[in-house]
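Breakdown of the fold
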Amino acid sequence: LKMSWFWFSLPLQLLMVACLCHSIKAPTTSSQQSFKTDLFNFYHSLILADGKETTVHLLKDIPKRYYFVLEEGRALAPFTITVTPCDVPIEWSILVHKASLSFLGKAAPGDHDTQEVSKSQKAPSMVSTIFNYKGNSVETYMGMSSHSALYMLEFLSTERDTHITVYLTTDTTSGHLYPELPMDPRIDVIGIGHTTVTLTWKHSPSVLQHRENIQYCLLVNEKHNYKSLCAAETAIRSSGMKLPPTLALSLSPYLLEPQQVMILSNSELSIINKASSGEVRQICMGTKNTYTVPHLSPSTQYYFDVFVVNLLTNASAAYTGTFARTLEEPEPKVTELKDGKVIQVVLDGKKQKFYSLQYQARHKKIQFTFQLCQGQVQVHITRNGKTVASENISGLRYFSLKGKLLDIYLVQLRSTEESNSYVKVQVSPHFHKSLFPLLPESLKIKSFSKLRTCNSVTIAWLGTQEDSKYCVYKKRIEDDQVWMELQSTDRCSGPGSRHKSEKVLCKYFYDINLQRAVTTETIKGLDAGTLYLFDVYLFGPSGIPIRYDSKVVKTRKKC
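Residues numbered from 1 in each chain as written. Predicted model: local features only at pLDDT ≥ 70, side-chain atom pairs only at ≥ 80, totals over all residues. Heavy atoms only, no water.

Filter applied, for reference: UniProt positions are given in the numbering used here, feature names are shortened, and annotations may be inferred rather than shown by experiment.
The protein carries the name Protein NDNF in an unreviewed UniProt entry, which gives Chordeiles acutipennis as its organism. Of the comments in the UniProt record for the protein, the one headed Subcellular location (unreviewed entry) reads "Secreted".

A closer look at the side chain of Thr464
Stated formally: Counting from the N terminus, the helices are DSSP H or I runs at least four residues long and the strands are E runs at least two residues long. We call a residue buried when its accessible area falls under 20% of the maximum for its residue type, exposed when it is over 50%, and partly exposed in between, using a 1.4 Å probe and counting protein chains only. Counted as a polar contact is a pair of N or O atoms within 3.5 Å, where, for protein atoms, one must be capable of donating a hydrogen and the other of accepting one, and residues adjacent in sequence contribute only when both atoms are in side chains. Here, residues are in contact when the closest pair of their heavy atoms is within 4.5 Å.
Within the secondary structure, Thr464 sits in the loop between β30 (457-462) and β31 (468-477). In this structure Thr464 comes out as buried when scored by relative accessible area, which is 1%. Within the structure, the side chain of Thr464 is placed 3.1 Å from the backbone nitrogen of Glu466, a separation counted as a polar contact. Once residues within four sequence positions are removed from consideration, Thr464 is found in contact with Leu438, Leu439, Pro440, Tyr470, Tyr510, Asp511, Leu514 and Ala517.

Thoughts on the state of the cysteines
Going by this rule: Cysteine sulfur atoms that come within 2.5 Å of each other are treated as a disulfide pair.
By the definition in use, this model includes five disulfides. A sulfur-sulfur separation of 1.7 Å characterises the disulfide bridge that pairs Cys373 with Cys492. Given an S-S torsion of about -85 degrees, the disulfide between Cys373 and Cys492 has left-handed geometry. Residue Cys373 is found in strand β23 (residues 365-374), and its partner Cys492 is found in the loop between α9 (482-487) and β32 (503-509); the two are separated by 119 residues along the sequence. Here the protein pairs its bonded cysteines, counted in sequence order, in the arrangement 1-3, 2-4, 5-8, 6-10, 7-9.

Considering the sheet that holds strand β11 (residues 197-201)
Sheets are built from strands that pair by backbone hydrogen bonding, the pairs being arranged parallel or antiparallel. What counts is decided by this rule: In this description, strands pair whenever DSSP reports at least two bridges between them. Orientation is described by lines fitted to C-alpha atoms, with helices fitted over the stretch in contact, and by angles between N-to-C directions that extend from 0 to 180 degrees.
One open sheet holds the three strands; their spatial order is β10-β11-β16, and the pairing between them is antiparallel. Since the sheet does not close on itself, it has two edges, and those belong to β10 (187-192) and β16 (290-293), each with one partner. Between one strand axis and the next, the sheet turns through 25 degrees on average, direction left out of account. Here β11 runs beside β16; their pairing, made up of four bridges, is antiparallel. Paired with Thr200 across the strands is Thr290, a residue of β16.

Quick notes on the nonpolar core
The condition is simple: Here, nonpolar core means buried Ala, Val, Leu, Ile, Met, Phe, Trp, Tyr and Cys residues that are tied together by side-chain atoms lying within 4.5 Å of each other.
If you look at the biggest cluster of nonpolar residues, it comprises 24 residues, and the most contacted ones within it are Phe368, Phe370, Val379, Ile381, Leu413 and Val423. Only β21 (343-347), β22 (355-360), β23, β24 (377-383), β25 (386-393), β26 (396-402), β27 (408-415) and β28 (421-429) provide two or more residues apiece to this core. The next biggest cluster of nonpolar side chains, apart from the first, holds 22 residues, and it includes Val56, Ile90, Ile94 and Phe131.

Observations regarding unusual backbone geometry
With phi around 50 degrees, Ser299 is a residue other than glycine that occupies positive phi space. The topology assignment puts Ser299 in the loop between β16 and β17 (301-310). For Leu406, which is not a glycine, the phi torsion comes out positive at approximately 70 degrees. Within the fold, Leu406 resides in the loop between β26 and β27. Taking the relative accessible area as the measure of exposure, Leu406 reaches 56% and is therefore exposed.

Description of helix α6 (residues 229-237)
Of all nine residues that make up α6, seven are buried, and the element is covered over most of its length. Inspection of α6 places Leu229, Cys230, Ala231, Ala232, Glu233, Thr234 and Ile236 among the buried residues, and these make up the whole buried set.

So, the pattern of salt bridges
Defined as follows: Put simply, a salt bridge is a Lys or Arg side-chain nitrogen that is within 4 Å of an Asp or Glu carboxyl oxygen.
For the coordinates displayed, the defined rule picks out twelve salt bridges. Among the salt bridges present, the one from Asp527 reaches Arg476, with a minimum N-O distance of 2.5 Å. Residue Asp527 is found in the loop between β33 (518-523) and β34 (531-539), and its partner Arg476 is found in strand β31; the two are separated by 51 residues along the sequence. Since its relative accessible area comes to 36%, Asp527 is described here as partly exposed. The shortest N-O distance in the salt bridge between Arg498 and Asp535 comes to 2.9 Å.

Concerning the confidence of the model for the protein
Here is the rule we go by: Residue-level confidence of the predictor is summarised by pLDDT, bounded by 0 at the bottom and 100 at the top.
Here the protein averages 78 in pLDDT, while 75% of its residues score no lower than 70. In the predicted structure, residues 1-32 sits below a pLDDT of 50 and forms 42 contacts with residues beyond four places in sequence or in another chain. In this model, residues 241-267 is a region of pLDDT below 50 whose contacts with residues beyond four sequence positions or in other chains number 65 contacts.

So, the packing of aromatic side chains
Just so we agree on the cut-off: Only the six-membered ring of Trp is used, alongside the rings of Phe and Tyr, when aromatic pairs are assigned; centres must lie within 6.5 Å, and planes under 30 degrees apart are stacked while those over 60 apart are edge-to-face, with the rest tilted. Here, over-ring charges are defined by two tests on the NZ atom of lysine or the CZ atom of arginine: distance to the ring centre within 6 Å, and angle to the ring normal within 35 degrees.
According to the stated counting rule, one finds 21 aromatic pairs in the structure shown. An aromatic cluster of at least three residues, connected via ring pairs, comprises Tyr66, Phe68, Phe79, Trp92, Phe131, Tyr141, Tyr151 and Phe155. Sitting above the plane of the Phe399 ring, Arg397 keeps its charged end 4.3 Å from the centroid. The lysine or arginine in question, Lys469, covers the ring of Phe539, its NZ or CZ lying 5.6 Å from the ring centre.

Observations concerning the sheet that holds β23
Taking strand neighbours across the sheet as the criterion, the four strands line up as β21-β28-β23-β26 in an open arrangement whose pairing is antiparallel. Each edge of the open sheet is held by one strand with a lone partner, namely β21 and β26. Averaged over neighbouring strand pairs, the angle between their axes works out to 25 degrees when direction is ignored. Pairing analysis gives eight bridges linking β23 to β28, with the strands arranged antiparallel. The residue of β28 that forms the bridge with Ile366 is Pro429.

A short note on the pairing of β25
Sheet topology places β24 next to β25; seven bridges connect them, and they run antiparallel. Following the sheet pairing, Val377 is matched in β25 by Ile393. Counting the residues that bridge the hairpin from β24 to β25 gives two residues, and of these Asn384 lies at a positive phi of roughly 55 degrees.

Here it is as C-alpha cells:
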C-alpha cells in the first residue's frame, strides 16, 4: 500500500484491529499462531469501495482479500456484492468476523443476546463463511450487514493469472449500476438462412425505464458463448490480435470514436475484430430487440450473446446465450460472363472454395481484368480445360489471351485468407476499351518531410499517358486509429462513400513521357501536430475509380 493511502485509512485500520484484538481473548500458546494469522490476513487485505465497480487482478494460486464496514449510525443495512469473472473460473467467498457489540458502543435495540454480551463484555469473536462460489458466471450475493461485523471477501484463481470486477453497494434505494434482465433472459432464434440468422429477446426493464441511456449489443463468434462482456473482451485481447490498445480493451461502443470502429448504418454500430482464432463481431442496435445478423458463412455454427449496456456507467448484463447453424451452401453454380460487364464476387475465406465464372469467346483476342477490393485472391484460368494463367493477384491485374472463336474459358477464384475477399471481374474483346483506367507504375503516395509545416503537407503521386481525373481527400485521425484505417480500406470504394468535407481538390493531368508523369499538391489549412489520412482516386473514361494506397502524414507540432 502506498504511504499516503496508509495514513488516510489508519483510523479505520486501528478500529478494526482494536475490534479484532478486543473480541479475541488473550491468545494462549496453542492459539498464538491462529491470532498472528488473523492479523497477517487483515494487513494484507484492501478496503473495498462502496458504490464503485473495482477491478481485481489475481495471480494464480495466490488468494486476494478485501473487506468492508458500514458507516456509523446504521444498525442494520442491506448490501449486495456482484462478482464478474473476466476469464477462467474462480473461487470466491464471503467471511464475517463478528465482534462484541459493546466494544463499538452500540447494540441493536431489542436484541436480548447482544445486550447480554454487552454486559459481560467477554463474548469471543467468531469467523464464519456465509457464502462461497466457484465458477465463471456472474454471481450476486444479497445480505444484511451490521456495523458490529467485519466482512472479508476472498478471491482465488487456480488455473492462471486473471482479473475480475467486484461491485459492492449498501445503497439499495438508488438506481441499479447493472441493467436489469427480464424474467426470461433467453435469446430465441426465429429464422435461419444460408448467410443470416434472426434473433429476438424480451426487453430489459431498464430499457423501458431509461430508454435513452440503455442499449443492446450483440456478440457473434464461432467458438462459444460468453457469460459477460468482460469475458468477451479478455478472450479477444488474448487471441493474438494486433489492435490499438483502446480498441482491444474497449468493446463497449460508447468508449470508442465512431470512426474507430467502422461500420455505422441504419443506427447500427458494428465492430469486427479479426484474430487468428476467427472473427468476433459486435453489433449495437440501440433498443431494438429483434435483429437479423447478416454476412455469415453457410453451414457454420455461430454463438450469439446479447448484452444490455448502461451507457452512463458502462455496466452490462448478459442474456442467456444461444447458438445456431446456418443452412448448407447450395451447389455451386457457374456464372456466365458477358462482354464488358463488370461483376463483383465475394469469396468465403473460411471455406476456401473456388468460385467459377465461364465465358465463351466471340473474338480471338480477349482481356480479363481483375480489381482486388479486399483480401487476397488466387486466379486460375483455363481454356477448353487447359490452364492458361494462374497466380495470386493484388490491386488491378490484366490477362490478355489469344485463342479461337467460341473457346470456353473457365475462371476460378479463391480467397487465400481466412477472412472474406472481394474482387471485381470484367472480360472484353482485346480491341474493346476497358472500363478500368490505365494504371501508373505505382499506386503509392509520397510525402515530403522537409516540406511539412504546422498547417500544410506536400504529397506526390504518379500519373499515366492517358488524360485522367484525380481527386484528393483528407481525413483527420488519431494515433490509435491508424492501424484500423489502413487495414479496413476497401480498394474498390470510390469517393462517393466519403464525407463532402473531406474532399480537397480534383485535377486532370497526363504526360506522354512516363518519366515526367508525376504531380505534386500542397494541402493547406491543417492543424499543427495532427495526423491526417490522405487518399487519391484515379478515374478512367468509364468513371470507375481506382484508389491509391492511403498515406498517413503528421503536421509539425512547432514551426
